[in-house]
Amino acid sequence: MSDSVAAPDHSFFVRLPEILDDRRGIVLPVSADPVYTGMFVFTGPDLRFAQEAIYDLHRDCFEMFLGIAQLKSTSASSASSISKRELECLKLTAAGRTSEDIARILGLSIHTANQYLTTAASKLDAVNRTHAVAKAIRLGLIE
(Lines give C-alpha, C1' and ligand atoms only; values in the text may rest on other atoms or scores of the structure.)
Protein backbone atom coordinates (compact mmCIF):
# COMPACT_ATOMS: atom_id res chain seq x y z
CA MET A 1 0.00 0.00 0.00
CA SER A 2 1.18 3.51 -0.63
CA ASP A 3 1.83 6.32 1.82
CA SER A 4 -1.15 7.49 3.85
CA VAL A 5 -3.57 9.62 1.92
CA ALA A 6 -4.61 13.11 2.88
CA ALA A 7 -8.32 13.30 3.51
CA PRO A 8 -9.94 13.76 0.11
CA ASP A 9 -13.02 15.87 -0.52
CA HIS A 10 -15.60 13.32 0.65
CA SER A 11 -17.95 13.62 3.60
CA PHE A 12 -16.95 10.30 5.14
CA PHE A 13 -13.27 11.26 5.50
CA VAL A 14 -12.43 13.28 8.57
CA ARG A 15 -8.92 14.00 9.72
CA LEU A 16 -8.72 13.29 13.43
CA PRO A 17 -6.15 14.90 15.71
CA GLU A 18 -3.13 12.75 16.43
CA ILE A 19 -3.29 11.44 19.96
CA LEU A 20 -0.34 9.06 19.94
CA ASP A 21 2.75 9.78 17.89
CA ASP A 22 3.35 6.12 17.02
CA ARG A 23 -0.22 5.31 15.90
CA ARG A 24 -2.21 5.99 12.80
CA GLY A 25 -5.85 5.20 12.35
CA ILE A 26 -8.95 5.46 10.27
CA VAL A 27 -12.59 5.51 11.35
CA LEU A 28 -15.20 4.45 8.81
CA PRO A 29 -18.81 5.30 9.69
CA VAL A 30 -21.46 2.83 8.57
CA SER A 31 -25.24 2.55 8.74
CA ALA A 32 -27.88 0.10 7.66
CA ASP A 33 -30.82 2.45 8.26
CA PRO A 34 -31.61 5.21 10.76
CA VAL A 35 -31.75 2.66 13.59
CA TYR A 36 -28.48 0.82 13.03
CA THR A 37 -25.40 3.02 12.83
CA GLY A 38 -21.84 2.38 13.88
CA MET A 39 -18.23 2.62 12.88
CA PHE A 40 -15.23 0.49 12.08
CA VAL A 41 -11.94 1.65 13.59
CA PHE A 42 -8.57 0.53 12.27
CA THR A 43 -5.35 1.53 14.05
CA GLY A 44 -1.74 0.54 14.00
CA PRO A 45 1.79 1.93 14.05
CA ASP A 46 2.31 1.51 10.29
CA LEU A 47 -1.25 1.84 9.05
CA ARG A 48 -1.27 3.26 5.52
CA PHE A 49 -3.96 3.04 2.87
CA ALA A 50 -4.07 3.95 -0.77
CA GLN A 51 -7.15 6.00 -1.61
CA GLU A 52 -8.74 3.17 -3.64
CA ALA A 53 -8.09 0.73 -0.78
CA ILE A 54 -9.99 3.03 1.59
CA TYR A 55 -12.98 3.06 -0.74
CA ASP A 56 -12.91 -0.74 -1.00
CA LEU A 57 -12.51 -1.16 2.75
CA HIS A 58 -15.40 1.22 3.46
CA ARG A 59 -17.65 -0.66 1.02
CA ASP A 60 -16.72 -3.97 2.69
CA CYS A 61 -17.46 -2.49 6.12
CA PHE A 62 -20.91 -1.37 4.92
CA GLU A 63 -21.65 -4.86 3.57
CA MET A 64 -20.59 -6.53 6.84
CA PHE A 65 -22.58 -4.07 8.93
CA LEU A 66 -25.67 -4.53 6.77
CA GLY A 67 -25.42 -8.31 7.24
CA ILE A 68 -25.14 -7.91 11.01
CA ALA A 69 -28.06 -5.44 11.10
CA GLN A 70 -30.24 -7.84 9.10
CA LEU A 71 -29.46 -10.68 11.52
CA LYS A 72 -30.28 -8.46 14.50
CA SER A 73 -33.46 -7.21 12.82
CA THR A 74 -34.62 -10.77 12.10
CA SER A 75 -33.95 -11.85 15.69
CA ALA A 76 -35.70 -8.79 17.09
CA SER A 77 -38.79 -9.27 14.94
CA SER A 78 -39.04 -12.95 15.93
CA ALA A 79 -38.52 -12.05 19.57
CA SER A 80 -41.24 -9.41 19.46
CA SER A 81 -43.75 -12.08 18.44
CA ILE A 82 -43.17 -14.10 21.62
CA SER A 83 -46.34 -14.20 23.68
CA LYS A 84 -46.58 -13.23 27.34
CA ARG A 85 -47.12 -16.87 28.33
CA GLU A 86 -44.13 -18.08 26.28
CA LEU A 87 -42.00 -15.43 27.96
CA GLU A 88 -43.22 -16.52 31.41
CA CYS A 89 -42.24 -20.10 30.60
CA LEU A 90 -38.80 -18.98 29.41
CA LYS A 91 -38.27 -16.94 32.59
CA LEU A 92 -39.19 -19.90 34.77
CA THR A 93 -36.90 -22.16 32.74
CA ALA A 94 -34.09 -19.64 33.22
CA ALA A 95 -34.77 -19.82 36.96
CA GLY A 96 -34.15 -23.58 36.83
CA ARG A 97 -37.77 -24.74 36.93
CA THR A 98 -38.81 -27.99 35.28
CA SER A 99 -41.78 -28.41 32.96
CA GLU A 100 -43.72 -29.85 35.88
CA ASP A 101 -42.89 -26.79 38.02
CA ILE A 102 -43.85 -24.40 35.23
CA ALA A 103 -47.17 -26.18 34.68
CA ARG A 104 -47.99 -26.09 38.39
CA ILE A 105 -46.96 -22.42 38.86
CA LEU A 106 -48.88 -21.19 35.81
CA GLY A 107 -51.84 -23.53 36.18
CA LEU A 108 -51.16 -25.36 32.90
CA SER A 109 -50.83 -28.95 31.83
CA ILE A 110 -47.26 -30.19 31.38
CA HIS A 111 -47.99 -30.63 27.68
CA THR A 112 -49.10 -26.97 27.36
CA ALA A 113 -46.03 -25.70 29.26
CA ASN A 114 -43.78 -27.72 26.94
CA GLN A 115 -45.66 -26.43 23.91
CA TYR A 116 -45.10 -22.80 25.00
CA LEU A 117 -41.38 -23.52 25.39
CA THR A 118 -41.21 -25.27 22.01
CA THR A 119 -42.98 -22.39 20.29
CA ALA A 120 -40.74 -19.81 21.99
CA ALA A 121 -37.65 -21.76 20.95
CA SER A 122 -38.92 -21.87 17.38
CA LYS A 123 -39.60 -18.12 17.32
CA LEU A 124 -36.08 -17.47 18.62
CA ASP A 125 -34.60 -19.92 16.11
CA ALA A 126 -33.19 -21.97 18.98
CA VAL A 127 -32.50 -25.69 18.96
CA ASN A 128 -33.84 -26.34 22.47
CA ARG A 129 -35.19 -24.59 25.55
CA THR A 130 -31.71 -23.91 26.97
CA HIS A 131 -30.67 -22.25 23.72
CA ALA A 132 -33.94 -20.29 23.73
CA VAL A 133 -33.22 -19.01 27.24
CA ALA A 134 -29.71 -17.95 26.20
CA LYS A 135 -31.06 -16.10 23.17
CA ALA A 136 -33.82 -14.45 25.22
CA ILE A 137 -31.20 -13.20 27.69
CA ARG A 138 -29.01 -11.85 24.86
CA LEU A 139 -31.99 -10.05 23.37
CA GLY A 140 -32.89 -8.55 26.73
CA LEU A 141 -36.23 -10.34 26.94
CA ILE A 142 -35.33 -11.88 30.31
CA GLU A 143 -32.68 -11.19 32.93
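Before reading on, note that the structure itself is shown above.
Residues numbered from 1 in each chain as written. Predicted model: local features only at pLDDT ≥ 70, side-chain atom pairs only at ≥ 80, totals over all residues. Heavy atoms only, no water.

Draft legend 1. The overall build of the protein chain, seen in detail. What the protein chain contains, in helices and strands, is five helices and two strands. Along the chain direction, N to C, the helices and strands of the protein chain fall in the order β-β-α-α-α-α-α. Considering the protein chain as a whole, with its 143 residues, one finds that 26% of them fall into the buried category. Put simply, 51% of the contacts in the protein chain that link residues at least 6 apart link residues at least 24 apart. With the model as given, the accessible surface of the protein chain reaches about 9500 Å², and the carbon-plus-sulfur share is 55%. (Helix = DSSP H or I, 4+ residues; strand = E, 2+ residues; numbered from the N terminus. Buried < 20%, exposed > 50% of the residue type's maximum accessible area, 1.4 Å probe, protein only. Contact = heavy atoms within 4.5 Å. Areas by Shrake-Rupley, 256 points an atom, 1.4 Å probe, with all protein chains shown as cover.)

Draft legend 2. Layout of helix 3 (residues 99–106). Among the residues of helix 3, Ser99, Ile102, Ala103 and Leu106 are the ones counted as buried. Along the axis of helix 3, the buried residues cluster in a sector spanning 100°; they form a single face. Tucked inside the fold, the buried residues of helix 3 contact helix 2 (84–94), helix 4 (110–123) and helix 5 (129–138). Phi turns positive, to about 70°, at glycine 107, one or two residues after helix 3. (Arc of directions from axis to C-beta.)

Draft legend 3. Inspection of the packing of helix 2 against helix 5 at higher detail. For the pair helix 2 and helix 5, interaxial distance at closest approach is 10 Å and the crossing angle is 100°. Here helix 2 lies roughly perpendicular to helix 5, going by the angle between them. When helix 2 is examined against helix 5, the residues Leu90, Thr93 and Ala94 are found in contact with a partner set consisting of Arg129, Ala132, Val133 and Ala136. Across the contact of helix 2 with helix 5, the residue classes break down as five nonpolar, one polar and one charged. (Axes fitted to C-alpha atoms, helices over the stretch in contact; angles between N-to-C directions. Parallel < 35°, antiparallel > 145°, perpendicular 65-115°, else oblique. Nonpolar A, V, L, I, M, F, W, Y, C, P; charged D, E, K, R; others polar.)

Draft legend 4. Here's a closer look at the pattern of salt bridges. A complete count under the given rule lists six salt bridges for this structure. Of the charged contacts in the structure, one is a salt bridge between arginine 59 and aspartate 56, with a shortest N-O distance of 3.2 Å. Separated by three residues within a single helix, arginine 59 and aspartate 56 lie in helix 1 (residues 51–80), roughly one turn from each other. Notably, a salt bridge pairs arginine 59 with aspartate 60, separated by 3.4 Å at the nearest N-O pair. (Salt bridge = Lys/Arg side-chain N within 4 Å of Asp/Glu carboxyl O.)

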